[in-house]
Amino acid sequence: MSDYVIPVPAVATIPVASGGSFPVRRVYCIGRNYAAHAIEMGHDPDREAPFFFQKNPNNLDASGQFPYPPHTSDVHHEAELTVVLKSGGTNIPVEKALDHVYGYALSLDMTRRDLQGEMKKAGRPWEIGKAFERSAPIGPIHTVSEVGHLGSGAITLKVNGDLRQEGDLNQLIWKTPEMISYLSEYFELAAGDVIMTGTPSGVGPVVKGDVMEMEVAGLGSLTVTVI
Ligand code: MN
């Protein structure tokens, strides 16, 4: 018998395409990692040190539905490649970083842009704009043994069939191995950690009933309906 004094919260998981569930420990998200998106958000696209924020493991949602969240009238889609780790550590060299990757998935960093904007203006943390319930729709994980490592390839998002976001993974300012290495200098990475790698340009609002369809070359598609 355990001595937990309340029921143990469920472990957040992501389905794996080839079978099984990936348990999630932490969710790191990188900001402004495609030059064209940095420009559209009013920032200099020059390569400065990357910055990160976090979502909660149980913000991940593989249901294919995104409930329109409260206290906002400007929820944006951000289509992002997600990297998941099977191991970690600290001070991981760039050339060893990909050894820690278990697989890749399609994901959406859904953002209450109006609330994020208010927090930015006030110099406050972004959680209220980023880390809300079901704010990270995600597709199944494709393992490295199935799909290899993804350094290039189209990343797109359509809303109701109209192309809204378009980029290529080769446009990432900070590449996957660099992100892992950099994070590991500041945090101890571990199996179960998830990294959302940033979004290409073309972010914009959705409304109830919209159907978002994301694709990454080599990883298939993710369809999410706003409910
Ligand atoms: Mn993002």
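Here, the structure is the one placed above.
Residues numbered from 1 in each chain as written. Predicted model: local features only at pLDDT ≥ 70, side-chain atom pairs only at ≥ 80, totals over all residues. Heavy atoms only, no water.

### Notes on helix H6 (residues 176–186)
Point 1. Most of H6 is tucked away, with eight of its 11 residues classed as buried.
Point 2. Among the residues of H6, those classed as buried are Thr176, Pro177, Met179, Ile180, Ser181, Tyr182, Leu183 and Ser184. (Buried < 20%, exposed > 50% of the residue type's maximum accessible area, 1.4 Å probe, protein only. Helix = DSSP H or I, 4+ residues; strand = E, 2+ residues; numbered from the N terminus.)

### Let's talk about the side chain of serine 107
Point 1. With respect to the helices and strands, serine 107 occurs in strand S9 (residues 101–108).
Point 2. Within polar-contact distance, the side chain of serine 107 engages the backbone oxygen of glutamate 80 at 2.8 Å.
Point 3. Here the side chain of serine 107 touches threonine 82 through a polar contact of 2.7 Å, side chain to side chain.
Point 4. Beyond its immediate chain neighbours, meaning those up to four positions away, serine 107 contacts Glu78, Ala79, Glu80, Leu81, Thr82, Pro137, Ile138, Met196, Met214 and Leu222. (Polar contact = N/O pair within 3.5 Å; in protein donor to acceptor, adjacent residues only side chain to side chain. Contact = heavy atoms within 4.5 Å.)

### A short note on the coordination of the manganese ion
Point 1. For the manganese ion, the protein coordination sphere consists of Glu78 (OE), Glu80 (OE) and Asp109 (OD), at 2.0 to 2.1 Å.
Point 2. Linear spacing of the donor residues for the manganese ion on their chain is E-x1-E-x28-D. One end of the pair, glutamate 78, is in the loop between strand S7 (75–77) and strand S8 (79–85); the other, aspartate 109, is in the loop between S9 and strand S10 (111–112), with 31 residues separating them in the sequence. Here the two residues glutamate 78 and aspartate 109 agree in accessibility, since each one is buried. (Donors = N, O, S within 2.8 Å, 3.2 Å for Na, K, Ca; no water.)

### Things to note about empty space enclosed by the protein
Point 1. According to the stated counting rule, one finds one cavity of 30 Å³ or more in the structure shown.
Point 2. Estimated volume of the largest cavity: approximately 120 Å³.
Point 3. Counting residues per element, the lining of the largest cavity draws most heavily on helix H3 (residues 113–122), which supplies three residues.
Point 4. Residue classes in the lining of the largest cavity are distributed as five nonpolar, five polar and seven charged. (1 Å grid on protein atoms, 1.4 Å probe; cavity = no way out; pocket = protein on both sides within 12 Å on 5 of 7 lines; lining within 4 Å. Points joined across faces, edges and corners; volume = space filled by probe spheres on them. Nonpolar A, V, L, I, M, F, W, Y, C, P; charged D, E, K, R; others polar.)

This is a description of form; function is not addressed.
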